[in-house]
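Coordinate inspection notes
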Amino acid sequence: CFFFFQAEDGIRDFCLSRGLGDVYKRQEIKSILPFLFECTTIEQESFRNMVAECIGKIASVNPGEIVESLLQNLDNTNAFTRYTVATSVKYMAAKKIAFSTVLPLLMKLVTLLNDVNHDVQRSVILSISQVATMDYHALEFLNEDSFQNLFNCTKFRPDLVKEIIKGKFELKVDEGFKLRQAAYQFFENHMFRIYDKVNFHLLIDVISQGLDDQSTEIQLIAIRILEHIVQLAQVAIVGTLDILVPRIEKIVTKQKQNYEKKEQTENTKDLIRGITTCLGKIQKIPESESNQKFTTLNNQITNDQELKNLIDN
């Protein structure tokens, strides 16, 4: 089965060898779909991703034959199936299928932003984002509840931190990281088109939460989102500096300590560089001079030779 999903030629070969005919011929679509949907229940995520790609490619050739089946399976009680079908929409969008064809699936995906399964939520976010990348009109179908659900996906969830045993070691695995990452990247990638649709205070909560996140990758995305908002709402952002600056200062202090201990992560340089760039943009806003916390932190970073060395090395 593995090679079946490797290329379009492989898809044809696999189906032909099993008497299913050419999967890309309209009359064969109904023959292969039951088999594909059966594969969506397999536990291995990498396998299901290949199934999703296959479904997406088939749908790009004959969408009329498959969209209704996809809609039905987005309501499937099996989370693996919901995940796989949601992921297939991402591949459909990448094939530049007419927006009108994808629209029913998009509207259904929006309702799954609060799915009970975090992997399904992640898949939904990534697919909505891909559809919006191909046609920004997709963002018009997100409402206040949609953005609240997206915000909820950015929250750290202790219940998704699992302990696993590897030999003599017990390791903690944050299974919620990929969901948070997908949600933050959605805000980052589409900020300039959704800004007018999202409550400003919700965006500040998104950034604040990201700066407090345990992951430096999430912190870095939060900084980039802040950069976007600085361009969009210069005066308004100044009013939030008392909330944001202490969080940024905490990150700088920790990363500097890690650097001194030679424990910096691969994101340390990018994080400090991103913070420096962001603060530089805020400094250009005349009103920022009145915020003592910001001025102090900005001067501290500007005059810190160790931080300069960290960025330059």
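As shown above, the structure is provided for reference.
A brief structural summary. Quick caveat, the model's predicted, so the values are computed rather than measured. (Residues numbered from 1 in each chain as written. Predicted model: local features only at pLDDT ≥ 70, side-chain atom pairs only at ≥ 80, totals over all residues. Heavy atoms only, no water.)

Moving on, we get to the overall build of the chain. Counting its secondary structure elements, the chain contains 16 helices and two strands. Per-residue burial for the chain yields a buried fraction of 49% across its 313 residues. Intrachain contacts of the chain at a sequence separation of at least 6 include 69% that bridge at least 24 residues. (Helix = DSSP H or I, 4+ residues; strand = E, 2+ residues; numbered from the N terminus. Buried < 20%, exposed > 50% of the residue type's maximum accessible area, 1.4 Å probe, protein only. Contact = heavy atoms within 4.5 Å.)

Looking now at helix 14 (residues 268-283). Look at helix 14: 22 Å from first C-alpha to last across 16 residues, which is about the 22 Å you get at 1.5 Å a residue. Looking at helix 14, one finds that the buried residues are Thr268, Leu271, Ile272, Gly274, Ile275, Cys278, Leu279 and Ile282. Along the long axis of helix 14, the arc covered by the buried residues comes to 160°, so they all point the same way. The inward-facing, buried residues of helix 14 contact helix 11 (216-232), helix 13 (241-260), helix 15 (292-302) and helix 16 (305-312). (Expected span 1.5 Å × (residues − 1). Arc of directions from axis to C-beta.)

The next thing to look at is the environment of Val206. Examined against the element boundaries, Val206 turns out to sit in helix 10 (residues 200-212). Separated by 19 residues in the primary sequence, Val206 and Ile225 have C-alpha atoms spaced 8.9 Å apart. Once you skip the residues sitting within four places of it in the chain, Val206 turns out to touch Phe151, Tyr184, Phe187 and Ile225.

Taken together, the side chains of Ile164, Phe169, Leu171 and Val173 make up a nonpolar region of the molecular surface, amounting to roughly 330 Å² of accessible area. Looking at the nonpolar patch element by element, the count peaks at three residues for strand 2 (residues 169-174). Inspection of the secondary structure puts Leu171 in strand 2. (Patch = residues over 30% accessible without salt bridge, like charges linked within 9 Å, V, L, I, M, F, W, Y side chains within 5 Å. Areas by Shrake-Rupley, 256 points an atom, 1.4 Å probe, with all protein chains shown as cover. Salt bridge = Lys/Arg side-chain N within 4 Å of Asp/Glu carboxyl O.)

This part covers the pattern of salt bridges. Opposite charge on two side chains permits them to pair, given that their charged atoms come into close proximity. Taken as a whole, this structure holds 13 salt bridges when the rule is applied. Where Arg122 meets Glu45, a salt bridge forms, and the shortest distance between an N and an O atom there is 3.2 Å. Taken as a pair, Arg122 in helix 7 (residues 118-134) and Glu45 in helix 3 (residues 45-61) lie far apart in primary sequence, 77 residues in all. Relative accessible area serves as the criterion here: at 25%, Glu45 is assigned to the partly exposed category. A salt bridge links Lys256 to Asp304; its shortest N-O distance comes to 2.6 Å. Separated by 48 residues along the polypeptide, Lys256 in helix 13 and Asp304 in the loop between helix 15 and helix 16 bring together distant segments of the chain. In this structure Lys256 comes out as partly exposed when scored by relative accessible area, which is 23%. What makes Asp304 buried here is its relative accessible area of 9%. Salt bridges here are not isolated pairs; linked through shared partners, they connect Glu45, Asp119 and Arg122.

Residue position: Asn149 is located in helix 8 (residues 144-153). Judged by relative accessible area, which is 18%, Asn149 ranks as buried.

The next thing to look at is the side chain of Glu227. Within the secondary structure, Glu227 is located in helix 11. We classify Glu227 as buried; its relative accessible area is 13%. Look past the residues within four positions of Glu227 in its chain and what remains in contact with it is Gly274, Thr277, Cys278 and Lys281.

Moving on: the nonpolar core. Core analysis: the biggest nonpolar cluster contains 94 residues, and Ile125, Phe187, Ile225, Ile237, Ile248 and Ile275 have the highest contact counts within it. Not counting residues within four places of it along the chain, the set of residues in contact with Ile248 comprises Leu211, Ile223, Leu226, Ile275, Leu279 and Leu297. (Core = buried A, V, L, I, M, F, W, Y, C linked by side-chain atoms within 4.5 Å.)

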